[in-house]
Structures are given as structure tokens and as C-alpha cells.
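Structural description and commentary
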Amino acid sequence: MVAGEVKSALGLELSNSSLGPWWPGRRGPRWRGQLASLWALLQQEEYVYFSLLQDLSPHVLPVLGSCGHFYAVEFLAAGSPHHRALFPLDRVPGAPGGGQAKAISDIALSFLDMVNHFDSDFSHRLHLCDIKPENFAIRSDFTVVAIDVDMAFFEPKMREILEQNCTDDEDCNFFDCFSRCDLRVNKCGAQRVNNNLQVICDKIFRHWFSAPLKNSAVSFQLQLQLQEAVQECADPEVPGGNTRRDAPSMFWKLRRLLQATLRELQEAEK
């Protein structure tokens, strides 16, 4: 029944050996109550995600404990469009003043690391269909953590969601996850045509890198290269529907430019 709930919520087939985090243990005087609590927790998709992924990625909230249908997670500073830098950097050690450019570069690199984890480290790719600052938080070391995964789907579930009837491409848009309409059969393709990196570039990186960083020691040439790379990442298509650059090469280009930005900032501090 536990495996069935996981398959229904996440679209994943799990073996009995993978169910350890959700199994209450040996029978005892409290076993029936533990089962009732477990069942209540399993009805909450976010709890299932956090429990399943907490030991596999630093970019997912760990579950600290539970009581009945309640569960506790790490308390972190969440993002918001009301913050100038999207995240409350004044609460993070080392960020105030001239350190803001370094903090933003560190956070951007952590977003890239998260994209890489979610694309490569699980049995199926994890798609984020609602990317906005409020759904992420940062730790004191600038690690980005997904704190709201209501709209996150592994590949099997994503394909099931996207494959719907349609009359045009707009019918195939599921929040930040897009597909295309095949007008021959009036059916959306099961394959997502955009990706996590593209949406993060559009909704997060544009905010930081569409204009020169204020009071920054980063050279204008490097800032311009980063600005152009973010633009290319966010809008990868050129007229005719072709893609300018595939996702892996775009990922490494952004990573290289952000690392170069950090090196210039560190040199300026010496």
C-alpha cells in the first residue's frame, strides 16, 4: 500500500527495500498508532518527496521528525520578489555591502548545481513546474534548497500530465513545463520541450544579470558575457523553431562565467 501511494503521487515504482524511511518498524504497543500516522503523512506529496530525496540531494529539505500528520523541516530564509536580490541576503553571513555580488554568484552556482542534481542524480529526471523565488530558500553557505515541491514531477508523472488533448501549443503549457501540440492527432507531446535551467534563467537569473552589477569589481566585459549567456539560456529558440544551444553546453557556459566572476571578486578583495 505504501508503494502504491508513492506510485500514485510521484509515478515511481519502488521496491520493498526502498521503503525504509516510511516503515514504522517492528510491531509493538504503539505500532497501530504509528501506522495511522504514517498513512496520514503519505497523503502529503511534499512529505513523500522530502523523505525520499533528503539523503540524495543537498537541495531538498530534510525531514527532522514527525508527530501524527505533522512533520518538521529545516527553517530557512525563503526567497521573495520583494527582496532586491530575491533572497534576504542581509540575514546571511558575509553578504551585506560589497559582498552582495559574491553572494549572488554563489547562489547562482548553487542553482546550477541543483539543476544538475535534479537532471542526473535520480532514477528519473525531476521537473520543476513552478519556479519562483518563494519556492526556494538559501542556507548560510548559499546552498539553494527547494522548499515547495507541490509542482515537481518525475519524468513518468510529467509525461502523463503533458500528454493531453489540444488544439494549439498553448493547451500544452502546464505552468512552467511546456509541450507542443501535434495537430495531426490533436494531442500534446509527452516530452517536455523546455527545461529547468531555461526557466531558472528566465525567472531568477534575468533579475540578477540583465543589468551590470552595482558597485561590483567584475569587469564590464565579463558582465556583458554573463548577461548575453543568461539571455540565450532564457530564450534558446531562434526563428524557425531551432535551438541555439543545447542545455548541457549552456549549463557549462554559465558555470564557467559565474566561476570567473567569483575569481575576479576574490582578486579585488586582496
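Now for a quick tour of the structure. Here the structure is a predicted model, which means the values were calculated and not measured.

Conventions we followed
Residues numbered from 1 in each chain as written. Predicted model: local features only at pLDDT ≥ 70, side-chain atom pairs only at ≥ 80, totals over all residues. Heavy atoms only, no water. Core = buried A, V, L, I, M, F, W, Y, C linked by side-chain atoms within 4.5 Å. Buried < 20%, exposed > 50% of the residue type's maximum accessible area, 1.4 Å probe, protein only. Helix = DSSP H or I, 4+ residues; strand = E, 2+ residues; numbered from the N terminus. Polar contact = N/O pair within 3.5 Å; in protein donor to acceptor, adjacent residues only side chain to side chain. Contact = heavy atoms within 4.5 Å. Pairing = 2+ DSSP bridges. Axes fitted to C-alpha atoms, helices over the stretch in contact; angles between N-to-C directions. Disulfide = S-S within 2.5 Å. Parallel < 35°, antiparallel > 145°, perpendicular 65-115°, else oblique. Nonpolar A, V, L, I, M, F, W, Y, C, P; charged D, E, K, R; others polar.

**Digging into the nonpolar core**
In this structure, Phe111, Phe205, Trp208 and Leu254 are the most contacted members of the largest nonpolar core, which totals 70 residues. With eleven residues, the single largest contributor to this core is helix H4 (residues 100-120). If you look at the next biggest cluster of nonpolar residues, it comprises seven residues, including Cys129, Phe153, Ile161 and Cys177.

**Section: the side chain of Ser179**
Position of Ser179 among the secondary structure elements: in the loop between strand S9 (177-178) and strand S10 (181-182). Taking the relative accessible area as the measure of exposure, Ser179 reaches 3% and is therefore buried. Within polar-contact distance, the side chain of Ser179 engages the backbone oxygen of Gly189 at 2.4 Å. The contacts of Ser179, once residues within four sequence positions are left out, are Leu162, Asp169, Cys172, Asn173, Cys188, Gly189, Ala190, Gln191 and Val193.

**Here we look at the pairing of strand S1 (residues 63-67)**
Relative to strand S2 (residues 70-73), S1 runs antiparallel, the two being bridged by four bridges. Residue pairing for S2: Val63 is matched across the bridge by Val73. Where S1 folds back on S2, the antiparallel hairpin that results is connected by two residues, among which Gly68 adopts a positive phi of roughly 65°.

**So, the environment of Val199**
Along the chain, the position of Val199 falls in helix H6 (residues 196-209). Residue classification places Val199 among the buried residues on the basis of a relative accessible area of 6%. Spatially, the C-alpha atoms of Val199 and Asp176 are 7.0 Å apart, while their sequence positions differ by 23 residues. With near-sequence residues (within four places) excluded, Val199 lies in contact with Ile131, Asp176, Arg192, Asn194 and Ile204.

**Thoughts on the sheet that holds strand S5 (residues 136-138)**
The three strands are arranged S3-S5-S6 in an open sheet whose pairing can be described as antiparallel. Either end of the sheet is taken by a strand with one partner, and the two such strands are strand S3 (77-78) and strand S6 (144-146). For S3 and S5, the ladder comprises two bridges, and the chain directions are antiparallel. Following the sheet pairing, Ala77 is matched in S5 by Ile138. Of the strands in this sheet, S5 and S6 are in contact with H4, which crosses S6 at around 45°.

**Here we look at the state of the cysteines**
All told, the structure shown has four disulfides when counted by the stated rule. Here Cys172 connects covalently by a disulfide to Cys188, the sulfurs 2.1 Å from one another. When the S-S torsion is -90°, as for the bridge of Cys172 with Cys188, the disulfide is left-handed. Of this pair, Cys172 sits in the loop between helix H5 (155-162) and strand S8 (173-174) while Cys188 sits in strand S11 (residues 187-188), and the two are 16 residues apart along the sequence.

**Re the packing of helix H1 (residues 2-10) against helix H3 (residues 45-53)**
One can describe the packing of H1 onto H3 by two numbers: an axis separation of 10 Å at closest approach and a directional angle of 105°. As far as their axial angle goes, H3 and H1 are roughly perpendicular. Residue-level contacts link Val6, Ala9 and Leu10 of H1 to Glu45, Val48, Tyr49 and Leu52 of H3. Its residues assigned to classes, the contact of H1 with H3 shows six nonpolar, no polar and one charged.

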